[in-house]
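Working through the structure, step by step
Listed below, chain by chain, are the residues.
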Amino acid sequence: MENLQTTYLGLKLRNPLIAGSCGITNSISNIKELAKKGVGAVVIKSLFEEQIHIETEKVIKNDEDGVTTFNHAPDTIFSKRIYDYDEAYSYIYDFARRNTLGKYLEFLTEAKNSVDIPVIASINCVSSQDWHSFARKIEETGVDALELNIYILPSDWRRSGEDNEKIYYDIIREVRNYVNLPLAVKIGFYFSSLAQSINKLSQSGIKGLVLFNRPYNADIDIDKIGLSHGPIYSTADEYIHTLRWISILSGHVSCDLSASTGVHDYKAFIKQILAGATTVQIASALYKEGFDVIPEILKKTSEWMKKHNFDSVDSFRARLSKSNLDNPAAIERVQFMKLYSGIE
Ligand SMILES: Cc1cc2nc3c(=O)[nH]c(=O)nc-3n(C[C@H](O)[C@H](O)[C@H](O)COP(=O)(O)O)c2cc1C
């Protein structure tokens, strides 16, 4: 096997292939298996901000008489009249928050102790309120880094692009106030000036950007004449969108770039690194092809490196990035005109 070592978020990785955050990384046995199969690091399934709110709703219930019922545990339901509602609510809220977090924190500690590769925690967040203090608790579990999946769909008519982008910076600032862990931020591509926004984000004190989160899309069922969900897993041709942006951004940003979405085989893995990715994350491929896709990607990459006389990942990273071009958009436009005008 060729030398695939790399450094991501300041962490030493044995190779740039990362198991991305998904349901698979929500289990200790899977995490152990992923490490055994060879991944360089693992991103744990996100703790969702909404999870905390949902759990809060579960433990507090008001009936018509204003009696508040606490469901501390399903088998010990008891009722109690509450005179100071605000105080009670804040108690319950904290209780729910502690418990949700408690479980996640225990899981992180166990994950960290189970494998000898870097373990990256993840929070899926939409606001900077109420959760930055527990980022410190995450740090105390001993995990190696924290990925913030900030996904703001710009669909609110009342909010400007500037309003939405401010949330990203508020979140990063708040979390940085509480933790020294290396931070990565995972984003979608809904920015009006993606290159500039990413460049600005890369200068906000984070160590890495994960490009891109794959947006959830609703679909329409024409038989039921109602909404259905779009495909949950990516397909192998979806890597191309991320490839373009990794290539455009490589060399222009002040942090590592981790490619995510549509990487299902060694070819797409190598392409992302050639475009300039520091690491590459996979999730759908793990579901669709199984965990053996990991040694397959690593083995084939190693063979490809040998064939092309590359003795390290660094020796071919960003070879095909667009960083030497002043305006890649102009080149792309010419290519687009040439290729698409010829089809009739
Ligand atoms: C079942 C499933 C669950 C996921 N859960 C999370 C999550 O909790 N947090 C997160 O940041 N991304 C989550 N993702 C997104 C993946 O990490 C990844 O960004 C996305 O699927 C695109 O990569 P892929 O083409 O390799 O699947 C999930 C993806 C899948 C398929």
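Predicted, not measured: the structure shown is a model, and the values here were computed from it.

**Overview of the packing of aromatic side chains**
Two aromatic rings, taken as a pair, are described by how far apart their centres are and by the angle between their planes. Following the criterion strictly, the structure yields seven aromatic pairs and no others. On the numbers, 5.1 Å between centres and 50° between planes, the contact of Tyr 168 with Phe 191 is tilted. Of this pair, Tyr 168 sits in helix H5 (residues 161–178) while Phe 191 sits in the loop between strand E11 (183–187) and helix H6 (194–202); the two residues are 23 residues apart in sequence, bridging distant segments of the chain. Residue Tyr 168 is classed as buried on the basis of its relative accessible area of 4%. Taken together, the ring pairs in this structure connect Phe 189, Tyr 190 and Phe 212 into an aromatic cluster.

**Some remarks on the packing of helix H8 (residues 266–275) against helix H10 (residues 293–307)**
Two elements in contact, H8 and H10, have axes separated by 9 Å at closest approach and are oriented at 60°. It follows that H8 is oblique to H10 by the angle criterion. The hand of the H8/H10 crossing is right-handed. Facing H8, whose interface residues are Tyr 266, Phe 269, Ile 270 and Leu 274, H10 presents Ile 297, Lys 300, Thr 301 and Trp 304.

**Quick notes on unusual backbone geometry**
In this chain, Leu 211 is followed by Phe 212 through a cis amide linkage whose omega measures 0°. When you line up the elements, Phe 212 lands in the loop between strand E12 (208–211) and strand E13 (218–221). Phi angles above zero are rare outside glycine, and Thr 261 is one such case at about 100°. Residue Thr 261 is classed as buried on the basis of its relative accessible area of 14%. Although it is not a glycine, Ala 318 sits at a positive phi angle of roughly 70°. As for its position among the elements, Ala 318 is in the loop between H10 and helix H11 (328–341).

**As for the nonpolar core**
Within the largest apolar cluster, 83 residues are counted, with the highest numbers of intra-cluster contacts made by Ile 138, Leu 146 and Leu 148. Beyond its immediate chain neighbours, meaning those up to four positions away, Ile 138 contacts Tyr 104, Leu 105, Leu 108, Ala 121, Ile 123, Val 143, Leu 146 and Leu 181. Of all hydrophobic cores here, the second largest spans 11 residues; its members include Leu 9, Ile 18, Ala 41 and Val 43.

**What about the site of the ligand?**
By nearness alone, 20 residues border the ligand, and Ser 21, Ser 46, Asn 149, Ser 234 and Ser 284 come closest of all. The contact in question runs from an oxygen atom of the ligand to an N or O atom on the backbone of Ser 21, over 2.6 Å. The separation between an oxygen atom of the ligand and a polar side-chain atom of Ser 234 is 2.5 Å. If the ligand stood free it would expose 610 Å²; the protein chains cover 89% of that surface. Taking a 2 Å distance to the grid points as the criterion, the majority of the atoms of the ligand fall inside the largest pocket.

**Considerations on H6**
Every buried residue belonging to H6 is among Leu 194, Ser 197, Ile 198, Leu 201 and Ser 202, and all of these are buried. Seen along its axis, H6 keeps its buried residues to an arc of 135°; they face one direction. The secondary structure elements touched by the buried residues of H6 are H5, E11, E12 and helix H7 (239–249).

**Side note on the side chain of Thr 242**
Relative to the assigned elements, Thr 242 resides in helix H7. Classification of Thr 242 as buried rests on a relative accessible area of 1%. Reaching out from Thr 242, the side chain makes a polar contact with the backbone oxygen of Ser 260 at a distance of 2.9 Å. The contact partners of Thr 242, leaving out residues within four places of it in the chain, are Leu 211, Phe 212, Ala 259, Ser 260, Thr 261 and Gln 272.

**Things to note about the environment of Ala 121**
Structurally, the position occupied by Ala 121 is in strand E9 (residues 119–125). Looking at Ala 121, the relative accessible area reads 0%, which means it is buried. Considering only alpha carbons, one finds Ala 121 and Thr 141, 20 residues apart in sequence, at a separation of 9.8 Å. Setting aside residues up to four positions removed in sequence, Ala 121 forms contacts with Val 43, Ile 44, Tyr 104, Leu 108, Ile 138, Val 143, Ala 145, Leu 146 and Glu 147.

**Digging into the pairing of E9**
The buried fraction of E9 amounts to seven of the seven residues, a majority that puts the element mostly inside the structure. Alternating residues of E9 divide into Val 119, Ala 121, Ile 123 and Cys 125 and Ile 120, Ser 122 and Asn 124, and every residue in both groups is buried. Note that strand E4 (residues 41–43) and E9 share two bridges and pair parallel. When the sheet's bridge partners are listed, Val 42 is paired in E9 with Val 119. Across two bridges, strand E5 (residues 47–48) lies against E9 in parallel orientation. For Leu 47, the partnering residue across the bridge sits in E9 and is Ile 123. Inspection of the sheet shows E9 paired to strand E10 (residues 145–150) by six bridges, in the parallel sense. Paired with Ala 121 across the strands is Leu 146, a residue of E10.

Parameters at a glance
- In this convention, every chain numbers its residues from 1, walking through the sequence in written order.
- Residues qualify for local features only when their pLDDT is at least 70, as the model is predicted, and side-chain atom pairs are given and counted only at 80 or more; totals for whole chains, interfaces and linings, by contrast, use all residues.
- Excluding hydrogens and water, the side-chain figures rest on all heavy atoms present in the structure.
- The pairing test for Phe, Tyr and Trp rings, Trp by its six-membered ring, is centres within 6.5 Å, and the orientation test on the planes gives stacked under 30 degrees, edge-to-face over 60, and tilted for anything in between.
- Helix and strand definitions here come from DSSP, where helices need a minimum of 4 consecutive H or I residues and strands a minimum of 2 consecutive E residues; each element is numbered from the N-terminal end.
- Each residue's exposure class comes from its accessible area (1.4 Å probe, protein chains only) as a fraction of the maximum for that residue type: buried when under 20%, exposed when over 50%, partly exposed otherwise.
- For helices, the fitted axis covers only the stretch in contact; all axes are lines through C-alpha atoms, and the angles between them, taken along N-to-C directions, range from 0 to 180 degrees.
- Every angle not falling under 35 degrees, over 145, or within 65 to 115 is termed oblique; those three ranges are roughly parallel, roughly antiparallel and roughly perpendicular.
- By convention the crossing between two helices is left-handed if the near helix lies anticlockwise of the far one by an angle smaller than a right angle, and right-handed if it lies clockwise.
- Pairs of residues are marked as contacts when any of their non-hydrogen atoms sit within 4.5 Å.
- Put simply, a nonpolar core is a bunch of buried Ala, Val, Leu, Ile, Met, Phe, Trp, Tyr and Cys residues held in one set by side-chain atoms that sit within 4.5 Å of each other.
- Consider each residue's heavy atoms; a residue with any of them within 4 Å of a molecule or strand counts as near.
- Nitrogen and oxygen atoms within 3.5 Å of one another constitute a polar contact, given that in protein one can donate a hydrogen and the other can accept it, and given that sequence-neighbouring residues count only through two side-chain atoms.
- Note on areas: Shrake-Rupley with a 1.4 Å probe; residue coverage comes only from the protein chains shown.
- The method works on a 1 Å grid over the protein atoms by themselves. A cavity is a set of points holding a 1.4 Å probe that cannot get out, a pocket is an open set with protein on both sides within 12 Å along at least five of seven lines, and residues with an atom within 4 Å of a point line them.
- The rule for placing a molecule in a cavity or pocket is simple: more than half of its atoms must lie within 2 Å of the grid points.
- The directions from the helix axis to the C-beta atoms form the arc being described.
- Criterion used throughout: strands pair if DSSP finds at least two bridges between them.

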